[in-house]
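Summary of the model geometry
As a plain string of letters, each chain reads:
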Amino acid sequence: MLVNASEMLKKAKAGHYAVGQFNINNLEWTKAILLTAQELNSPVILGVSEGAGKYMTGYKTVVGMVKGMLEELNITVPVALHLDHGSYEGCLKCVEAGFTSIMFDGSHYPIEENVEKTKELVKIVAEHGMSLEAEVGSIGGEEDGVVGMGECADPKECKMVADLGIDFLAAGIGNIHGKYPANWKGLSFETLDAIQKLTGDMPLVLHGGTGIPADMIKKAIDLGVSKINVNTECQLAFAAATRKYIEEGKDEQGKGFDPRKLLAPGTEAIKATVKEKMELFGSVNKA
Ligand code: 13P
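Treat the numbers as computed from the prediction; the structure is a model and nothing was measured.

**Structural notes on the UniProt feature "active site" (unreviewed entry) in the protein**
UniProt's entry tags D84 with the feature "active site" (unreviewed entry), counted in the numbering of this structure. The topology assignment puts D84 in strand β3 (residues 79-86). Looking at D84, the relative accessible area reads 3%, which means it is buried. There is a polar contact of 3.0 Å between the side chain of D84 and the side chain of N23.

Next up, the structure:
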């Protein structure tokens, strides 16, 4: 069932669990995530970065693929199709293409400009029954060409943006996209606590879910995080399983080179990663 992400995240915030956003790259990714969500009876958010959207030939292709799969795989759990780290123009394209949710990443603008652009998008998404994620305080590391330094958000700025009529808020709390470096200082729970106190019921989003230890994830959920984004971890799992298949020479046995066989271990590895995260986030049986 294709829905926006507003209701599922309100429910998650009230129920003290988080819904996973898993980024997609192609058919295998999408199928693996949707089947796992259905098997575990969990709501799910499919994340599409602008780069991945281009790779899949455009947002309309993505919408067509997701809608087709929901019907033909009989997916009945709530699924949101969400633009990840969108530019203003990218957001407009996804509104037109039929996404159900968008993230406007205005974190690199001065706060006044971030607020202005976010306000305009609040109006536009309301006309289309979509949900909107805004960002304050950039997320560290690199997400598909978008580079952030990883500063902690200013709780007062978070409150300002939360009051604009957005549906959920991504706030930097020392989180980083991609693998965490050995000298990473961990999440700033002080910042998260201050943001949550000012923003109240607003569902908060934790980007950079890959490699955050389970105890930190649980504490972040306790402090108001209701959406957790995971991308790199599925990529690493897919790559490792595919490497193993090839290194064991399985592509050279029988018809092991058939893409449906060659890509199967990687697809299963994505499923296992998504299952592990949904269990950790507490979204199982919350559809
Ligand atoms: P990771 O790649 O670190 O899991 O981050 C994903 C993310 O935050 C997408 O916006």
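More follows now that the structure is in view.
**Quick look at empty space enclosed by the protein**
According to the stated counting rule, one finds two cavities of 30 Å³ or more in the structure shown. Within this model, the second largest cavity holds a volume of roughly 40 Å³. If you trace the second largest cavity, you find it lined by A171, I173, L192, L204, V205, L206 and V225. Counting residues per element, the lining of the second largest cavity draws most heavily on strand β9 (residues 204-206), which supplies three residues. Taken together, the residues of the lining of the second largest cavity break down into seven nonpolar, no polar and no charged.

**Concerning the nonpolar core**
Where a protein is soluble and globular, its nonpolar side chains tend to be buried together. With 79 residues, the main nonpolar core has F99 and I102 as its most contacted residues. Counting residues in hydrophobic clusters, the runner-up holds 12 residues, among them V19, I45, F168 and V205.

**Thoughts on the site of the ligand**
By nearness alone, 15 residues border the ligand, and D84, G178, G208, T210 and T232 come closest of all. With respect to the ligand, the side chain of N229 contributes an N or O atom lying 3.2 Å from an oxygen atom. Starting from 310 Å² of accessible surface for the ligand in isolation, the protein chains cover 100%. Sorting the residues of the shell around the ligand by element identifies β3 and β10 (225-230) as the ones contributing at least two each. In terms of residue class, the shell around the ligand is built from two nonpolar, 11 polar and two charged.

**What to know about unusual backbone geometry**
If you check the backbone angles, T57 has positive phi at about 80° while not being a glycine. Inspection of the secondary structure puts T57 in the loop between α3 (50-55) and α4 (59-72). Given the relative accessible area of 63%, T57 is considered exposed. Positive phi is not limited to glycine here, since N74 has a value of about 50°. Examined against the element boundaries, N74 turns out to sit in the loop between α4 and β3. Look at N74 and you get exposed, because its relative accessible area is 56%.

**Description of the pattern of salt bridges**
All told, the structure shown has 14 salt bridges when counted by the stated rule. A salt bridge links D163 to K159; its shortest N-O distance comes to 3.2 Å. With relative accessibility at 54%, the residue D163 sits in the exposed group. According to the relative accessible area criterion, K159 is partly exposed, its value standing at 32%.

**Some remarks on helix α12 (residues 264-281)**
Along its 18 residues, α12 runs 26 Å from first to last C-alpha, staying within 8% of the 26 Å computed at 1.5 Å per residue. Buried within α12 are the following residues: G266, T267, A269, I270, T273, V274, K277, M278, L280 and F281. At its buried positions, α12 is contacted by β1 (19-23), α2 (27-40), β2 (44-49), α9 (214-222), β10 and α10 (232-247). A positive backbone phi angle near 85° is found at G282, which sits one or two residues after α12.

**Some details on the packing of aromatic side chains**
In total, this model carries five aromatic pairs according to the counting rule given. Taken together, a centroid distance of 4.7 Å and an interplanar angle of 45° make the contact between W29 and F238 tilted. Of this pair, W29 sits in helix α2 while F238 sits in helix α10, and the two are 209 residues apart along the sequence. When sorted by exposure, W29 lands in the same class as F238, which is buried. When the centroid spacing of 5.5 Å and the interplanar angle of 85° are considered together, the rings of Y59 and F99 count as edge-to-face. Residue Y59 is found in helix α4, and its partner F99 is found in the loop between α5 (88-97) and β4 (101-104); the two are separated by 40 residues along the sequence. With respect to class, Y59 is no different from F99; both count as buried. Over the face of the ring belonging to Y109 we find K117, whose NZ or CZ atom lies 4.6 Å from the ring centre. Above the face of the Y17 ring, K286 is positioned so that its terminal group lies 4.6 Å from the ring centre.

Parameters at a glance
Residues numbered from 1 in each chain as written. Predicted model: local features only at pLDDT ≥ 70, side-chain atom pairs only at ≥ 80, totals over all residues. Heavy atoms only, no water. UniProt positions renumbered as here; feature names shortened; annotations may be inferred. Helix = DSSP H or I, 4+ residues; strand = E, 2+ residues; numbered from the N terminus. Buried < 20%, exposed > 50% of the residue type's maximum accessible area, 1.4 Å probe, protein only. Polar contact = N/O pair within 3.5 Å; in protein donor to acceptor, adjacent residues only side chain to side chain. 1 Å grid on protein atoms, 1.4 Å probe; cavity = no way out; pocket = protein on both sides within 12 Å on 5 of 7 lines; lining within 4 Å. Points joined across faces, edges and corners; volume = space filled by probe spheres on them. Nonpolar A, V, L, I, M, F, W, Y, C, P; charged D, E, K, R; others polar. Core = buried A, V, L, I, M, F, W, Y, C linked by side-chain atoms within 4.5 Å. Near = heavy atom within 4 Å. Areas by Shrake-Rupley, 256 points an atom, 1.4 Å probe, with all protein chains shown as cover. Salt bridge = Lys/Arg side-chain N within 4 Å of Asp/Glu carboxyl O. Expected span 1.5 Å × (residues − 1). Contact = heavy atoms within 4.5 Å. Phe/Tyr/Trp six-rings, centres within 6.5 Å; stacked < 30°, edge-to-face > 60°. Lys NZ or Arg CZ within 6 Å of the ring centre and 35° of its normal.

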